[in-house]
Amino acid sequence: MSDQAVSLPLPPATIGREASGPSGPKPRHRFSRRNIFLYGTLIVVALYYLLPLYVMVVTSLKGMPEIRLGNIFSPPLEITFEPWVKAWSKACTGLNCDGLSRGFWNSVRITVPSVILSIAIASVNGYALANWRFKGADTFFVILIVGAFIPYQVMIYPIVIILREIGLYGSLSGLVIVHSIFGMPILTLLFRNYFSSMPEELFRAARVDGAGFWGIYLRIMLPMSLPIFVVAVILQVTGIWNDFLFGVVYTRPDTYPMTVQLNNIVNSVQGVKEYNVNMAATILTGLVPLIVYFLSGKLFVRGIAAGAVKG
Amino acid sequence: MSKSERPNQLFRNLNAKVASIPMILTALVVFVGGTAWTVLYSFTNSKLLPRLNFIGLDQYYRLWSTPRWLVSIENLLIYGVLSLVFSLVIGFILAALLDQKIRFEDTFRTIFLYPFALSFIVTGLVWQWLLNPDFGIQRVVRELGWESFSFNPLYDSSIVIYGISIAALWQGTGLIMCLMLAGLRGIDEDIWKAARVDGIPMWKTYLFIIIPMMRPVFITTLVIIASGIVKVYDLVVAQTSGGPGIASEVPAKYVYDYMFFAQNLGQGFAASTMMLLSVMIVIVPWAYLEFGGRKRV
């Protein structure tokens, strides 16, 4: 366990003393009281965090009779995928009964363009802020960052009016614009900070060679900043996929994103509650961000840290 | 570069200005304009459609005499204090535990953080199921032999907000842990060595040396948690839909319902302006410290 103390390189000054006796911290035992406490706590907490995921999966694989009789933690006696099929293709929201698949494809059609558009805008903008400052740019930037903290509820209705005026209210394109707007503060911050940290000489050399605004962006900045683009994609895919408020405000029932549809399916008051179908639908909705999360590993952490802590 | 070759200032650096148009529009039209618009219309008696028919502070009087709004505010306060205290304490303790040069650090971190990848809707629905009185935790504990065990937050209006807070903490603590861990990693190893040499016990080192050193991290985290608290909406919608009765209503839901269901826009605007005001109380001092004092941007 933590016997890395043994392998600590000794500073030169202590080498002389080595002959006179042992030095350095006492080597710890694998099962010291400290380790039992440490790992014990971590494992208990980890189990707590995993429990809901486990219950979700287990419930979604049981039949309804088994759910009524057994307890939620027991593994399924008879595994059935029926609830998954039903959640995907047959579950009802209101009048249409074609399952979550409709919401899934709506979410895909919302997420993909939103991610591309928001990142395109924010990266160019961050690049302009980092390398091509103009008078007043910083003022707008500060407004943008402070604006990120304004509760969305304050701005949703004016946006409804704007979208209605340009004829996009209720359409997927309207929602894409909304996501691009609200993704802008955090992404611009992310890109601006990243581009600012790149060596200034690089930019100057390209200028001397005659490259312009777009040339430098496309041929130098873009290829050199792929990691930050990946971080931005992770941030946006999970954020937009998980959005509920904008989906419910700016789309109509036939264009509802998956989260809105899921909520309608599970919390619908009519009919018998089918908990296994509900849980299958819940996992299906959570699957995309979960896959992104588990595949991206450290980059996800970097993304949220970049998103959360400025700089 | 220092001398402007062209006489017209507007066209200097034109590409950068073009590239910033979306930012300028968002900042001015949506953030400043939209906010000003909502605040302005909160002084009107707009019902189904926004109308400039000023009635002074009437909407605010009505707001603060509506039981549902008062319940929402009370819930927000309880939820806010619980989120703030517990996510900071748990997040910090988990980060400190992970910082002990343990094995499987990545595994533990992955487990603690995965709920954060899930939406509030998913979180709310899972916890709705776990807290279901007939099938969930309550039944399991009763079946284990503790017959009188009662834990039914989602159907008990006096404690429903705690049931929501449990779900919120499950979802969000991982993020706080990550921020704290980044803060702990930023602390010089020599501090620890010095504290150890002086024989200061570990908990004292954390409490009196490390935490004060992490002040900036704590402030940023505080701002993040606080701005998240005010926004809480989807979690409540998914977990309880505001029920039982109006026991778990929150301000964000009040705003949405009045704007889009009750067709009482004025009330919605007044309520959202109150939300804005509460955020300003947290953000303005912070923004002043961050941007105002020294020119760092």
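Because the structure is predicted, anything quoted here is derived from the model rather than measured. (Residues numbered from 1 in each chain as written. Chains lettered and ligands numbered in written order. Predicted model: local features only at pLDDT ≥ 70, side-chain atom pairs only at ≥ 80, totals over all residues.)

## Regarding the overall build of chain B
We count it as follows: The secondary structure listing takes helices from DSSP runs of H or I that are at least 4 residues long and strands from runs of E that are at least 2 residues long, numbered from the N terminus. Just to be clear, the radius of gyration here is over C-alpha atoms, and the globule rule we use is 2.2 Å times residues to the power 0.38. Exposed residues have 12 or fewer other C-beta atoms within 10 Å of their own C-beta, buried residues have 20 or more, and partly exposed residues fall in between, where C-beta atoms are placed from the backbone. Residue pairs are scored as contacts if the distance between their C-beta atoms, which are placed from the backbone, is within 7 Å.
Scanning chain B from N- to C-terminus turns up 14 helices and 0 strands. For 297 residues, the compact-globule estimate of 2.2 N^0.38 gives 19 Å, and the C-alpha radius of gyration of chain B, at 24 Å, exceeds that figure by more than 25%. In terms of overall dimensions, chain B has C-alpha extents of about 70 × 60 × 30 Å along its principal axes. Put simply, chain B has 297 residues, and 41% of those count as buried. Taking all contacts inside chain B whose residues are at least 6 apart in sequence as the whole, residues at least 24 apart take part in 68%.

## Topic: the confidence of the model for chain B
For clarity, the threshold we go by: Confidence of the prediction at every residue is given by pLDDT, a number between 0 and 100.
Counting all residues, the mean pLDDT for chain B is 87, and 95% of those residues have values of 70 or more. Scored as a complex, the prediction yields pTM 0.87 and ipTM 0.87.

## A closer look at the interface of chain A and chain B
To keep things clear, this is the line we draw: Charged residues are taken to be Asp, Glu, Lys and Arg, nonpolar residues to be Ala, Val, Leu, Ile, Met, Phe, Trp, Tyr, Cys and Pro, and polar residues to be all remaining types, Gly included.
Taken together, the 72 residues of chain A in the interface contact 75 residues of chain B. With 11 residues, helix 2 (residues 33-60) of chain A is the largest single contributor of residues to the side of chain A that touches chain B. In terms of residue class, the side of chain A that touches chain B is built from 52 nonpolar, 19 polar and 1 charged.

## Quick notes on the environment of Ala247(B)
Residue and element names in this part refer to chain B. Mapped onto the secondary structure, Ala-247 falls in the loop between helix 12 (234-239) and helix 13 (251-260). With 18 C-beta atoms counted inside 10 Å, the residue Ala-247 sits in the partly exposed group. Separated by 135 residues in sequence, Ala-247 and Phe-112 place their C-alpha atoms 30 Å apart. Ala-247 has contacts with Val-71, Ser-157 and Val-160, leaving out every residue within four places of it along the chain.

## Here we look at the nonpolar core
Cut-off, in case you're wondering: Here, a nonpolar core denotes buried Ala, Val, Leu, Ile, Met, Phe, Trp, Tyr and Cys residues that are linked to one another through C-beta atoms within 7 Å.
Counting residues in hydrophobic clusters, the biggest one holds 156 residues, and the most contacted among them are Leu190(A), Ala281(A), Ala271(B) and Met275(B). The dominant element in this core, judged by the number of residues it contributes, is helix 8 (residues 172-196) of chain A, at 14 residues.

## Quick look at unusual backbone geometry
Residues and elements named next belong to chain B. Phi is positive for Lys-101, which is not a glycine, with a value near 50 degrees. Relative to the helices and strands, Lys-101 is located in the loop between helix 4 (67-98) and helix 5 (105-117). Backbone geometry places Ser-241, a non-glycine residue, at a positive phi of 55 degrees. As for its position among the elements, Ser-241 is in the loop between helix 12 and helix 13.

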